[in-house]
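Chains, contacts and geometry: an overview
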Amino acid sequence: MREKIIQGLLVIMLIAGYRNLSAQSKDLDYYIGSGIQKSPLLNDLRNQSRSTAIDSMRINAGYKPQVMGISNNSYAPSINGWGYDNAITNGGTFSQLITVNKRLVGKENLQNQYEAIRLAKESLAISGKVTEQDIRKAITSQYIVAYGIYLQYSFNKEVLELLGSEEAILKKLTERNIYRQTDYLSFLVTMQQQQLQLNQLKVQFQNEFASLNYLSGLQDTGFVAVPAPNISLAPPPEIEQTVFYQQFRLDSLKLKNSDAQIDFSYKPKLSLYADAGHSSTFAVNPYKNFGTSFGINLSVPIYDGKQKKMQHDKIAIAQQTRQQYQQFYKTQFDQQLLQLLQQLRSAQELINQTSTQIRYTQALIEANRKLLETGDVRMSDYIIAIGNYLAARNSSTQNMIYKLQLINQINYWNRKT
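This write-up is about the structure you can find in this document. (Residues numbered from 1 in each chain as written. Predicted model: local features only at pLDDT ≥ 70, side-chain atom pairs only at ≥ 80, totals over all residues. Heavy atoms only, no water.)

**Description of the overall build of the protein chain**
Broken down by element type, the protein chain carries nine helices and four strands. For a compact globule of 417 residues, the expected C-alpha radius of gyration is about 22 Å, and the protein chain comes in at 39 Å, more than 25% above that figure. Reported as C-alpha extents along the three principal axes, the dimensions of the protein chain are approximately 135 × 55 × 35 Å. Looking at the 417 residues of the protein chain, the share that counts as buried comes to 35%. (Helix = DSSP H or I, 4+ residues; strand = E, 2+ residues; numbered from the N terminus. Rg over C-alpha atoms; globule rule 2.2 N^0.38 Å. Buried < 20%, exposed > 50% of the residue type's maximum accessible area, 1.4 Å probe, protein only.)

**Some details on the pairing of strand 3 (residues 269-280)**
Looking along a regular strand, one sees side chains alternate from face to face of the sheet. Both strand 2 (residues 92-104) and strand 3 contribute to a ladder of 11 bridges, which runs antiparallel. By the bridge assignment, Leu97 is partnered in strand 3 with Gly277. Judged from the 10 bridges that link them, strand 3 and strand 4 (residues 290-299) form a sheet pairing that is antiparallel. By the bridge assignment, Ala274 is partnered in strand 4 with Phe294. (Pairing = 2+ DSSP bridges.)

**Brief notes about helix 7 (residues 243-265)**
Counted at 1.5 Å a residue, the expected span for helix 7 with its 23 residues is 33 Å, and the 33 Å between its end C-alpha atoms agrees. Of the residues making up helix 7, those classed as buried are Val243, Phe244, Tyr245, Gln246, Phe248, Leu250, Ser252, Leu255, Asn257, Ile262 and Phe264. Those residues of helix 7 hidden inside the fold are in contact with helix 5 (107-175), helix 8 (307-374) and helix 9 (379-412). (Expected span 1.5 Å × (residues − 1). Contact = heavy atoms within 4.5 Å.)

**Overview of the environment of His278**
The topology assignment puts His278 in strand 3. Look at His278 and you get buried, because its relative accessible area is 12%. Spatially, the C-alpha atoms of His278 and Lys288 are 8.7 Å apart, while their sequence positions differ by 10 residues. Not counting residues up to four positions away in its chain, the partners in contact with His278 are Phe94, Ser95, Gln96, Leu97, Pro286, Asn289 and Phe290.

**Re the packing of aromatic side chains**
Applying the stated criterion across every chain yields a total of 13 aromatic pairs. Note on Phe244 and Trp413: the rings are 5.0 Å apart at their centroids and 55° apart in plane angle, and the pair reads as tilted. Remark: Trp413 occurs in the segment after helix 9 and Phe244 occurs in helix 7; sequence separation between them is 169 residues. Grouping residues by exposure puts Phe244 and Trp413 together as buried. What links up through ring pairs into an aromatic cluster is the set Phe244, Tyr245, Phe248, Tyr329, Phe333, Tyr412 and Trp413. The ring of Tyr63 has Arg103 lying over it, and the distance from NZ or CZ to the ring centre is 4.7 Å. (Phe/Tyr/Trp six-rings, centres within 6.5 Å; stacked < 30°, edge-to-face > 60°. Lys NZ or Arg CZ within 6 Å of the ring centre and 35° of its normal.)

**A look at the layout of surface pockets**
When its volume is computed, the second largest pocket comes out at roughly 300 Å³. Lining the second largest pocket are 14 residues; nearest its centre among them are Leu104, Val105, Asn109, Pro268 and Lys269. If you list the elements that add at least two residues to the lining of the second largest pocket, you get strand 2, helix 7 and strand 3. (1 Å grid on protein atoms, 1.4 Å probe; cavity = no way out; pocket = protein on both sides within 12 Å on 5 of 7 lines; lining within 4 Å. Points joined across faces, edges and corners; volume = space filled by probe spheres on them.)

**Details of the sheet that holds strand 4**
In spatial order, the strands read 1-2-3-4; together these four strands make up an open sheet with antiparallel pairing. The open sheet has two edge strands with one neighbour each: strand 1 (66-75) and strand 4. On average, adjacent strands in this sheet sit at an angle of 20° to one another, irrespective of strand direction. (Axes fitted to C-alpha atoms, helices over the stretch in contact; angles between N-to-C directions.)

**Regarding the pattern of salt bridges**
If you walk through the whole model with that rule in mind, you get 10 salt bridges. Between Glu115 and Arg118 there is a salt bridge, with its nearest N and O atoms 2.8 Å apart. Within this pair, Glu115 and its partner Arg118 are both found in helix 5, separated by three residues, close to a single helical turn. On the basis of relative accessibility, which here comes to 29%, the residue Glu115 falls in the partly exposed class. The class of Arg118 is partly exposed, set by a relative accessible area of 39%. (Salt bridge = Lys/Arg side-chain N within 4 Å of Asp/Glu carboxyl O.)

**Focus: unusual backbone geometry**
Trans is the prevailing form of peptide bonds, just as negative phi is the prevailing case for residues other than glycine. In this model, Asn177 sits at a positive phi of 65°, which is unusual for a non-glycine residue. Examined against the element boundaries, Asn177 turns out to sit in the loop between helix 5 and helix 6 (181-215). Despite not being glycine, Lys306 shows a phi value in the positive range, around 65°. Along the chain, Lys306 turns up in the loop between strand 4 and helix 8.

**Regarding the nonpolar core**
Nonpolar side chains tend toward joint burial in soluble globular proteins. If you look at the biggest cluster of nonpolar residues, it comprises 46 residues, and the most contacted ones within it are Tyr147 and Tyr329. Contributing elements (two or more residues each) for this core: helix 2 (28-38), helix 5, helix 6, helix 7, helix 8 and helix 9. Counting residues per element, this core draws most heavily on helix 5, which supplies 11 residues. Every residue in contact with Tyr329, bar those within four places of it in the chain, is listed here: Ile239, Phe244, Tyr245, Phe248 and Trp413. Counting 20 residues, the second largest nonpolar core, distinct from the first, contains Leu163, Ile365, Met379 and Leu390. (Core = buried A, V, L, I, M, F, W, Y, C linked by side-chain atoms within 4.5 Å.)

**Overview of a nonpolar patch on the surface**
On the surface, a nonpolar cluster with roughly 880 Å² of combined accessible area is contributed by Leu104, Leu270, Leu272, Ile296, Leu298, Val300, Ile302 and Tyr303. Broken down by secondary-structure element, the contributors of at least two residues to the nonpolar patch are strand 3 and strand 4. Mapped onto the fold, Leu270 is located in strand 3. According to the relative accessible area criterion, Leu270 is partly exposed, its value standing at 33%. (Patch = residues over 30% accessible without salt bridge, like charges linked within 9 Å, V, L, I, M, F, W, Y side chains within 5 Å. Areas by Shrake-Rupley, 256 points an atom, 1.4 Å probe, with all protein chains shown as cover.)

**Quick notes on the packing of helix 5 against helix 7**
As a packed pair, helix 5 and helix 7 sit with axes 10 Å apart at the nearest point and diverge in direction by 160°. When the axis of helix 5 is compared with that of helix 7, the two are roughly antiparallel. Our pair here, helix 5 against helix 7, has a crossing hand that is left-handed. Looking at the contact of helix 5 with helix 7 residue by residue, the class counts come to 10 nonpolar, 10 polar and six charged. (Parallel < 35°, antiparallel > 145°, perpendicular 65-115°, else oblique. Left-handed = near helix turned anticlockwise from the far one by under 90°. Nonpolar A, V, L, I, M, F, W, Y, C, P; charged D, E, K, R; others polar.)

Everything listed here is a matter of geometry and, on its own, says nothing about what the molecule does.
Written as structure tokens, this is what we have:
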């Protein structure tokens, strides 16, 4: 199936092609660059990635000696034999200590925790690339829409200017009774319809252009020329090399990391402690109650109701789920590319057909224009020829835009890691 996809792409690349308009400062790359630079989601992901470095330092700091100052002071008075038992309270305790605790951790356990942070950072990087690709696709799609409307506007404007020059000739021929007044009025109605269509296209373009700037984080609602999008079809890499597939690999590594951390959490825990300071009841010689103490704390898990096995079972189930998603994604990936290629070939065939139709309708209009100047063409035939030419050109533009949108969808999946 992979070979069919590559072969299909190469065929499309050979038969496809479209002419670019003269490049301007605000081309497709400009809008994509602006959208990526100003995306708050991408900035958020970058900041989260920076935060993972702090998490790594916190783990390292957590296993260093922890120093704390502790002050415990209580007084339990006894009046006429009433009060707490002095054997328990000693009348009061006053303690001012500095304590030091240090947890001891194995090298493998520490490395596993660092690996979890590294995987989280890599996952954020993958999410950033996918988000960037989403932004690129959305802006490119909107740019293509605006470009298509601009092409239709430019073409219809040319036709209106052509009709305007013909109107002056037709008016003189009507005054000489070569054409009837009704013929002239029919021609004027066609011009008015063309003017209305042009105005509608202008409004539509301004709306689509404003949407393009909105997606790109720009403020511009003007009416400017839109150059042809500089996009080309490229064969996709192997699915394992795409950025979208890497998330499955990372999920697998995360699950393995979590599985290992369960085992580390059930290993014996050892910590050292020490304190120094003043602790006294102020009953006898309180000035001598300065001292220190130190020791070792050890905790060994013995039985937890088989919770450890339950946690391992959950990881195993999650791993099975991930594998099913991964296999389904591979099937969908190939199927979607084959479907897009099939649609792309159909779009190219339609473009070729409409190109032939345009040549015929354009030749017919040129012939009718010459006959119009001599009064040898029926106005209804000339208007029909203009309508056919407009329909053919608009159809060609729509097919070309459809083709560019398909290329944009295919290229979306081409992002490598």
